[in-house]
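Given next are the chains, with one letter for each unit.
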Amino acid sequence: MSLTNTEVGPLQKSSATGGSPRPVATGLTIRAVLTGLTLSVLLTIWAIHSSYVVHASHISVMHLPVSALFPFICVVFLLNPLLKRTGWQNGFSTQEMVVVFFLVFTASAIPGWAFSTYALSVISGPNYFASPENRWGELFFEHLASWLIIPNHNNAITWFFEGAPKDAAIPWQVWVVPLFWWGTFYLALFLTGASLMVILRKQWVEHERLAFPLAQVPLILVEGVEDRSFLPRIARERLFWCGFALTAGMLIWNMIAYFGRVPAIPIGPQYSTPFTLAQSFPAIQLKFNFLVAGVAYFTRVEVLLSVWLFYLFRVVEEGTLNRVGMPNVAQIVQTQHFAGFTVFILFGIWVARKHLKLVWEKALGKSDELDDTREFFSYRAAVAGLAAGLLYMLFWLYTAGMDLAIGVVMLVALLILFFGVTRVVAETGLVSLDLPYNSANEVTTQFVGSANVSPKTLTALWLSQTFSRNWRTLGMTSMAHCAKVGDQMGGVGRGVFSAIAVSLGLSFVTSVVYTLYIGYDVGASQFTEPAFPAGSRGYWDGLANLMGNPKTMTGLEFVFFWIGAAVSGFLVFGHHRFPWWPIHPVGFGVVMTHAANIGVFSIFFVWLVKTLLLRFGGVQLYKRVQPLVVGMIVAHATCVFVSYLVDMIWFPGSGHAIDDW
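Computed from a predicted structure; not experimentally measured. (Residues numbered from 1 in each chain as written. Predicted model: local features only at pLDDT ≥ 70, side-chain atom pairs only at ≥ 80, totals over all residues. Heavy atoms only, no water.)

Visitor: I tried to follow helix α25 (residues 594–650) on my own but got confused; where do I start?
Guide: It helps to recall that an α-helix has 3.6 residues per turn; residues three or four apart then point in one direction. Taking 1.5 Å per residue as the helical rise, α25 with its 57 residues ought to reach 84 Å, whereas the 31 Å between its terminal C-alpha atoms falls clearly short. Maximal helix bending in α25 amounts to about 125 degrees, located at Gly 617. (Helix = DSSP H or I, 4+ residues; strand = E, 2+ residues; numbered from the N terminus. Expected span 1.5 Å × (residues − 1). Bend = angle between axes of the 7 residues up to and from the residue.)

Visitor: Is there a simple way to explain unusual backbone geometry in this structure?
Guide: Backbone geometry follows two general trends: most residues other than glycine have a negative phi, and most peptide bonds adopt the trans configuration. Residue Asn 155 is not a glycine yet carries a positive backbone phi of 65 degrees. Structurally, Asn 155 can be placed in the loop between α6 (136–139) and α7 (156–162). Residues other than glycine seldom take positive phi values, yet Phe 212 does so here, at roughly 50 degrees. Tracing the backbone shows Phe 212 in the loop between α8 (173–207) and α9 (213–222).

Visitor: Which parts of the structure should I look at to understand the nonpolar core?
Guide: Most often, soluble globular proteins keep nonpolar side chains buried together rather than apart. Phe 102, Trp 175, Phe 376 and Phe 467 are the most contacted members of the largest nonpolar core, which totals 226 residues. Looking at this core, the element that brings in the most residues is α25, giving 22 residues. If sequence neighbours within four positions are ignored, Phe 467 has contacts with Phe 115, Trp 182, Phe 185, Tyr 186, Leu 189, Leu 397, Met 410, Leu 414 and Phe 418. In this structure, Val 329, Ile 332, Val 333 and Phe 560 belong to the second largest nonpolar core, which totals six residues. (Core = buried A, V, L, I, M, F, W, Y, C linked by side-chain atoms within 4.5 Å. Buried < 20%, exposed > 50% of the residue type's maximum accessible area, 1.4 Å probe, protein only. Contact = heavy atoms within 4.5 Å.)

Visitor: What exactly am I supposed to notice about the state of the cysteines here?
Guide: Two cysteines, two sulfur atoms, one covalent bond between them: this is a disulfide. Going through the model one piece at a time under the given rule, you end up with zero disulfides. Its sulfur unpaired, Cys 482 is 19 Å from the next cysteine sulfur, which belongs to Cys 74. You can call Cys 482 buried: its relative accessible area is 0%. Of all cysteine sulfurs in the structure, the one in Cys 74 sits closest to Cys 639, which takes part in no disulfide; the separation is 13 Å. (Disulfide = S-S within 2.5 Å.)

Visitor: Any chance you could explain the packing of aromatic side chains here in plain terms?
Guide: To describe a pair of aromatic rings, you give the distance between the ring centres and the angle between the ring planes. Within the structure shown, the criterion is met by 62 aromatic pairs. For the ring pair Phe 561 and Trp 562, a centre distance of 5.3 Å and an interplane angle of 90 degrees mean the geometry is edge-to-face. Of the residues examined, Phe 561 reaches a relative accessible area of 16% and is grouped as buried. The interplanar angle of 90 degrees and the centroid separation of 6.0 Å between the aromatic rings of Phe 573 and Phe 578 together place this pair among those described as edge-to-face. For Phe 573, a relative accessible area of 47% translates into the label partly exposed. Using a relative accessible area of 28% as the deciding quantity, one classes Phe 578 as partly exposed. Grouped by ring-pair contacts, the aromatic residues Phe 115, Trp 147, Phe 180, Trp 181, Trp 182, Phe 185, Tyr 186, Trp 396, Phe 467 and Phe 508 constitute a single cluster. One residue, Arg 615, lies across the ring of Phe 616, its end atom 5.5 Å from the ring centre. (Phe/Tyr/Trp six-rings, centres within 6.5 Å; stacked < 30°, edge-to-face > 60°. Lys NZ or Arg CZ within 6 Å of the ring centre and 35° of its normal.)

Visitor: Could you clarify how one ought to interpret the pattern of salt bridges in this entry?
Guide: Where side chains of opposite charge bring their charged atoms close, a pairing between them can arise. As enumerated under the stated definition, the model contains 16 salt bridges in all. One salt bridge in this structure joins Arg 135 and Glu 138, with 3.1 Å as the shortest N-O distance. Residue Glu 138 is classed as exposed on the basis of its relative accessible area of 55%. Between Arg 201 and Asp 487 there is a salt bridge whose closest N-O contact spans 3.0 Å. In this pair, Arg 201 sits in helix α8 while Asp 487 sits in helix α20 (residues 476–488), placing the two residues 286 residues apart along the sequence. (Salt bridge = Lys/Arg side-chain N within 4 Å of Asp/Glu carboxyl O.)

Visitor: When you look at the side chain of His 58 in this model, what are you seeing that I'm missing?
Guide: Along the chain, His 58 turns up in the loop between α1 (30–53) and α2 (66–86). Look at His 58 and you get buried, because its relative accessible area is 9%. In this structure the side chain of His 58 is engaged in a polar contact, spanning 3.1 Å, whose partner is the side chain of Ser 51. In contact with His 58, other than residues within four places in its own chain, are Ser 51, Trp 113, Glu 529, Pro 530, Asp 659 and Asp 660. (Polar contact = N/O pair within 3.5 Å; in protein donor to acceptor, adjacent residues only side chain to side chain.)

Visitor: Help me understand the packing of α9 against α25 in this model?
Guide: One can describe the packing of α9 onto α25 by two numbers: an axis separation of 11 Å at closest approach and a directional angle of 100 degrees. Comparing the axis directions of α9 and α25 gives the class roughly perpendicular. Every residue of α25 that contacts α9 at Val 217, Ile 220 and Leu 221 is listed here: Gln 626, Val 630, Ile 633 and Val 634. For the contact of α9 with α25, a count of residues per class yields six nonpolar, one polar and no charged. (Axes fitted to C-alpha atoms, helices over the stretch in contact; angles between N-to-C directions. Parallel < 35°, antiparallel > 145°, perpendicular 65-115°, else oblique. Nonpolar A, V, L, I, M, F, W, Y, C, P; charged D, E, K, R; others polar.)

Visitor: Is there a simple way to explain α8 in this structure?
Guide: Here α8 is 35 residues long and its end C-alpha atoms lie 50 Å apart, about the 51 Å a rise of 1.5 Å per residue gives. Along its length, α8 shows its largest kink, about 50 degrees, at Leu 200. A large share of α8 lies buried, amounting to 25 of its 35 residues. The first or second residue beyond α8 is Arg 209, which carries a positive phi of 55 degrees.

Visitor: Looking at this structure, I do not really get the packing of helix α12 (residues 301–323) against α25. What am I missing?
Guide: Relative orientation and spacing of two packed helices are given, respectively, by the angle between their axes and the distance between those axes. Across the interface, α12 lies against α25 with an axial gap of 9 Å and an inter-helix angle of 135 degrees. On the basis of their axis angle, the class for α12 and α25 is oblique. The way α12 lies across α25 gives a crossing that is left-handed. Judged by residue contacts, Val 301, Leu 304, Leu 305, Val 307, Trp 308, Tyr 311 and Arg 314 of α12 engage Ala 596, Asn 597, Val 600, Ile 603, Phe 604, Val 606, Trp 607, Lys 610, Thr 611 and Leu 614 from α25. A per-class count over the contact of α12 with α25 returns 13 nonpolar, two polar and two charged. (Left-handed = near helix turned anticlockwise from the far one by under 90°.)

Printed below as a string of structure tokens:
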């Protein structure tokens, strides 16, 4: 097999502690858990304040977000050396470090654009923005479940969007009942995702040996933390500080440019140059993202090739169809690639069928062939949790007004999207990966046809925007990567899941309380983060438009759906049947996502660099350059925080988004 297929193999078992590996559960000390939970609260406040108040970076949108990465860096580079130097306590063990990472990583899936923005905007918007002009009242208000929508009792919603009068108390009581019921659904969804990851961890990690590029970053950062040195092993490499200095130098220069003293270096997510192949072709955005490129460095070359090559194919296809005058081209091409995404995911489930059978037998006590002691919890608990979560969510949706059959379709679509994103991130390391289709409710209305759905069910579907638009998968992706990191440490062990669940719940409560506090203080109408106006008004305008103009899937969309399914099936067959097959099938399913639009240049650049490194220096040269890349990632996360401080002091309300899509 060629070097391009082997340079990023499965991570080696951590030897940071020496001797036999110890499970992560041995790091469940009081100080590790308290550190992780404290940082979970702080990162939640930081993410919301950065987006809503300072209008700076959206630090929770990535699958390895700066909101989790920077607090973890502080523990590795500041807190742990301080403990060692003062002698007040011993430094953190590797397992304690991993526990802290698990907590902040999972908690980061909640605040801001990642989740809480949609969760609060969707349920607060109807009773504020409804007017005779938009006809919301006559079109769908009678179908809204009152126990899921925030009422405007005593101007509670008006104050939230416009700011409460001086000395007026925040009307917490109007939020309690709806948020309680929504909370039960989110809990069921999290349990379902966590159970799926427990069931599939062994299949993905040990049988299919997925690369999990994202997981390599925290594993590299904790190597050597128990040594006598104050710094982790990676930070003792000269190339690490070269990468740090180069990246930090550019970003700090751009911070000076905020003041108009020097011209900015056009690098980072806020700088983009559109490049068009031909008239009527969609523009290719030439922009470089440090975090996307840094994690992509740990991705296999054939996967990177697949992403940029199929993106180019999609641009040519879309442009050609535009030139010949085909209507609704973007929707048709998206349907095609979503079919490819679905086939890729369903094939992965088919490959896992033997493992799933063994898990089922283990859960029923009919077989002891599988060992589940390394998992977050037992296979029996996972199967029970999966069944209980799905049944409760279906009952909840039915009670909210959704037809039972549509509820089943919507949950299947939701699982395909969430499970699929988790699988793709695990295989590719695309930290900016968005959903391949806007949301599960839109998949449902697209394929069933809004004309075939009752207004009551359609309204319930639109309420599900609170969770179905969540590309961070409400912790499913985080749990999968936590399981992978745990596998490198000798397993996860029991008790860790409970700490993660507490961290997730604490982040949710903090997000709600702090968002409401800011809303009643300055007015949620000041929240210019794109997701908040979209959730509170845009989606409901979309529902009103859909009710006034019912739609069904067109014949062309069906044709391109099956074309996409056939192409993906061919690619999957070739990839799994022939060892020499050069193109990974994953790229075909994700090139219509926002992540591909904004990250394709970074991915192409990394592919080119890795190809040259492997061609002229082999795997050894590739590994020698790793410290430089990790230094770049650490510098990016650090400078995002520094830029936030600069914006908060000198540019409040008009900050600079140096970390974004």
